[in-house]
Amino acid sequence: MSSEMKPTMRVARTVAAETIEYAEVPVPSPTPGNAVVRVRCVTLCGTDLHIWEDDYATELPIVQGHEFSATIAGLHPEDDGGPLAVGDDVAVSPVSSCGRCYACSIDRPNACAQMSVYGCYDDDGALAEYLLVPLDRARRLPAGLSTDLAPLWEPVSIALQAVTRGRALPGERVLVSGAGPIGLLALVCLKDLGCDVAIADTDSERLELAAVLGAARTLSVAAGFPSVDQRRLLAEWTDGEGPSLVIDATGAPASLASAVDLVAPAGRVVVVGISEREVALSMRALPVKEIDLLGSRNSRHLMDQALDLLARHQDECRSLITHRFAFEELDAAFRTLRGRTGGTGEPGEMRVGKIAIDLPEVLS
Ligand SMILES: NC(=O)c1ccc[n+]([C@@H]2O[C@H](COP(=O)([O-])OP(=O)(O)OC[C@H]3O[C@@H](n4cnc5c(N)ncnc54)[C@H](O)[C@@H]3O)[C@@H](O)[C@H]2O)c1
Ligand SMILES: [Zn+2]
Ligand SMILES: [Zn+2]
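Visitor: Break down the packing of helix α3 (residues 153-165) against helix α4 (residues 181-193) for me, citing the residues and quoting the values.
Guide: One can describe the packing of α3 onto α4 by two numbers: an axis separation of 8 Å at closest approach and a directional angle of 60 degrees. Taken together, the axis directions place α3 and α4 in an arrangement best described as oblique. Every pair of crossing elements has a handedness; the one defined by α3 and α4 is right-handed. Residues P155, V156, I158, A159, L160, A162 and V163 of α3 lie in contact with α4, whose contacting residues are P181, I182, L185, A186, C189, L190 and L193. Its residues placed into classes, the contact of α3 with α4 shows 14 nonpolar, no polar and no charged.

Visitor: Kindly report on the site of ligand 1, identifying the contributing residues and their values.
Guide: Ligand 1 sits among 28 residues. The nearest are G178, G180, I182, G251 and A252. When contributions to the shell around ligand 1 are tallied by element, the ones reaching two or more residues are α4, β12 (196-201) and α7 (253-262). With 3 residues, the top contributor of residues to the shell around ligand 1 is α4. Classifying every residue of the shell around ligand 1 gives 12 nonpolar, 12 polar and 4 charged.

Visitor: An account of the nonpolar core is needed here, citing residue identities and associated values.
Guide: Residues V37, A186 and L187 are the most contacted members of the largest nonpolar core, which totals 100 residues. At 8 residues, α4 tops the list of elements feeding residues into this core.

Visitor: With reference to specific residues and values, describe the environment of G87.
Guide: Within the secondary structure layout, G87 lies in the loop between β5 (67-74) and β6 (89-92). The class of G87 is exposed, set by 9 C-beta atoms lying within 10 Å. Placed 43 residues apart in sequence, G87 and Y130 show a C-alpha to C-alpha distance of 14 Å.

Visitor: Tell me about the sheet that holds strand β4 (residues 62-63), and please be specific about residues and values.
Guide: Strands belonging to one sheet form pairs held by backbone hydrogen bonds; the direction of such a pair is parallel or antiparallel. Spatial strand order, β2-β1-β4: 3 strands in an open sheet with antiparallel pairing. Since the sheet does not close on itself, it has two edges, and those belong to β2 (19-26) and β4, each with one partner. Inspection of the sheet shows strand β1 (residues 8-16) paired to β4 by 2 bridges, in the antiparallel sense. Looking across to β4, one finds that R13 is bridged to V63.

Visitor: Could you give me a rundown of the pairing of strand β3 (residues 34-44), with the residues and numbers involved?
Guide: Burial analysis of β3 places 11 of its 11 residues in the buried class, which makes it a mostly covered element. Of the pairings in the sheet, the one linking β3 to strand β9 (residues 130-134) comprises 5 bridges and is antiparallel in character. Paired with R38 across the strands is Y130, a residue of β9. In terms of strand pairing, β3 meets strand β18 (residues 354-358) through 4 bridges, oriented antiparallel. Looking across to β18, one finds that T43 is bridged to A356.

Visitor: Quick one: what's the story with the sheet that holds strand β11 (residues 173-177), residue by residue and with numbers?
Guide: If you trace the 6 strands from one edge of the open sheet to the other, you get β13-β12-β11-β14-β15-β16, paired in parallel fashion. Of all the strands in the sheet, the pair left with one neighbour each is β13 (217-220) and β16 (292-295). Across the sheet, the mean angle separating the axes of adjacent strands is 15 degrees when strand polarity is ignored. With 5 bridges joining them, β11 and β12 adopt parallel strand pairing.

Visitor: Requested: an account of helix α5 (residues 204-212), with residues and values cited.
Guide: What α5 keeps buried is the set R206, L207, L209 and A210. When α5 is viewed along its axis, its buried side chains cluster within an angular range of 160 degrees and face the same direction. On its buried face, α5 is in contact with α4, β12 and β13. Directly after α5, the chain includes G214, whose backbone phi takes a positive value near 110 degrees.

Reading the values: rules and limits
- Residues numbered from 1 in each chain as written.
- Chains lettered and ligands numbered in written order.
- Predicted model: local features only at pLDDT ≥ 70, side-chain atom pairs only at ≥ 80, totals over all residues.
- Axes fitted to C-alpha atoms, helices over the stretch in contact; angles between N-to-C directions.
- Helix = DSSP H or I, 4+ residues; strand = E, 2+ residues; numbered from the N terminus.
- Parallel < 35°, antiparallel > 145°, perpendicular 65-115°, else oblique.
- Left-handed = near helix turned anticlockwise from the far one by under 90°.
- Contact = placed C-beta atoms within 7 Å.
- Nonpolar A, V, L, I, M, F, W, Y, C, P; charged D, E, K, R; others polar.
- Near = placed C-beta within 6 Å.
- Core = buried A, V, L, I, M, F, W, Y, C linked by C-beta atoms within 7 Å.
- Buried ≥ 20, exposed ≤ 12 C-beta atoms within 10 Å, placed from the backbone.
- Pairing = 2+ DSSP bridges.
- Arc of directions from axis to C-beta.

What follows is the structure in structure tokens.
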């Protein structure tokens, strides 16, 4: 039923702003339909930073961590002989939905009105040695995908959702605004589909990485974007039409306004970037160009596709992980995430991209 498990485990609890406390708590027991997994690796994103700073709609204390890989450590006897076995390396969806709200009723649980996300809202997350997870939210890792990279399936699925919402087609010219992890992973998804991608960012290092990852054009964003030259470049690239799909992955209001300005008539604008700020949009461009303006949240039934994409693009995706820390070093990890400093300064290197936390190999 279960491999050798100790009775207690360490969890890292964010108890107040910028304060993580390690605690020893009982290891959960498997229940029917729920496995105990040993967490292997967790990656951090901007949401984790906001929660750690207590600048998010999360009630502290909480155990953070929603992007993770794990190994099945214990199954309930009723689940023995099922599709997943003790020892399997898995990815687990952090999102659970209510099944009753409007979004759930039309099979869009990724936008559930009452969703819970490990380490973000309600449920404790994966910055723990063990976690109890529903088996129907776990997938065995594809062959060749190791646990130290696998947590990236989650941000890949976020990018894939934006690409899917935008109905991207092979050969299409797509502008991605924002070359952070989500924008760069959208680039990887779009390239995989056979699209031609231009990417815009204010940060030249991130643009260099975008070029390495296959962006056909990079646009440096400064006040007054797009400049006359940039507008001409985009027009030349799209036969005077403008990109038929623009994906905003910045969370910057100005980026959404320029997406609406630059998109081709009858084109689509997808908003995956999130911000508390407000944006002014042209009420002329939206109807006159008949733009589809689409929000994108989490991901809808894309777990298998995201794992497959990650498994096929491991080198590109691995280049987004710029720092690794041990479980005991969470304080330094979060400070690095906030500081966005460090790195070697090599050309093309993103100074702080994704930060990975490696859980101990052998639990003591
Ligand atoms: N919708 C969802 O379900 C979901 C899930 C995860 C993250 N997000 C959001 O997606 C966005 C991107 O996430 P990330 O981890 O890549 O964040 P990030 O902050 O690392 O990347 C954002 C990038 O946008 C660039 N940028 C800022 N202003 C810009 C502008 N005006 N024009 C062009 N580029 C600009 C920044 O330099 C940065 O490289 C964030 O807003 C995040 O909150 C949404
Ligand atoms: Zn995240
Ligand atoms: Zn719901």
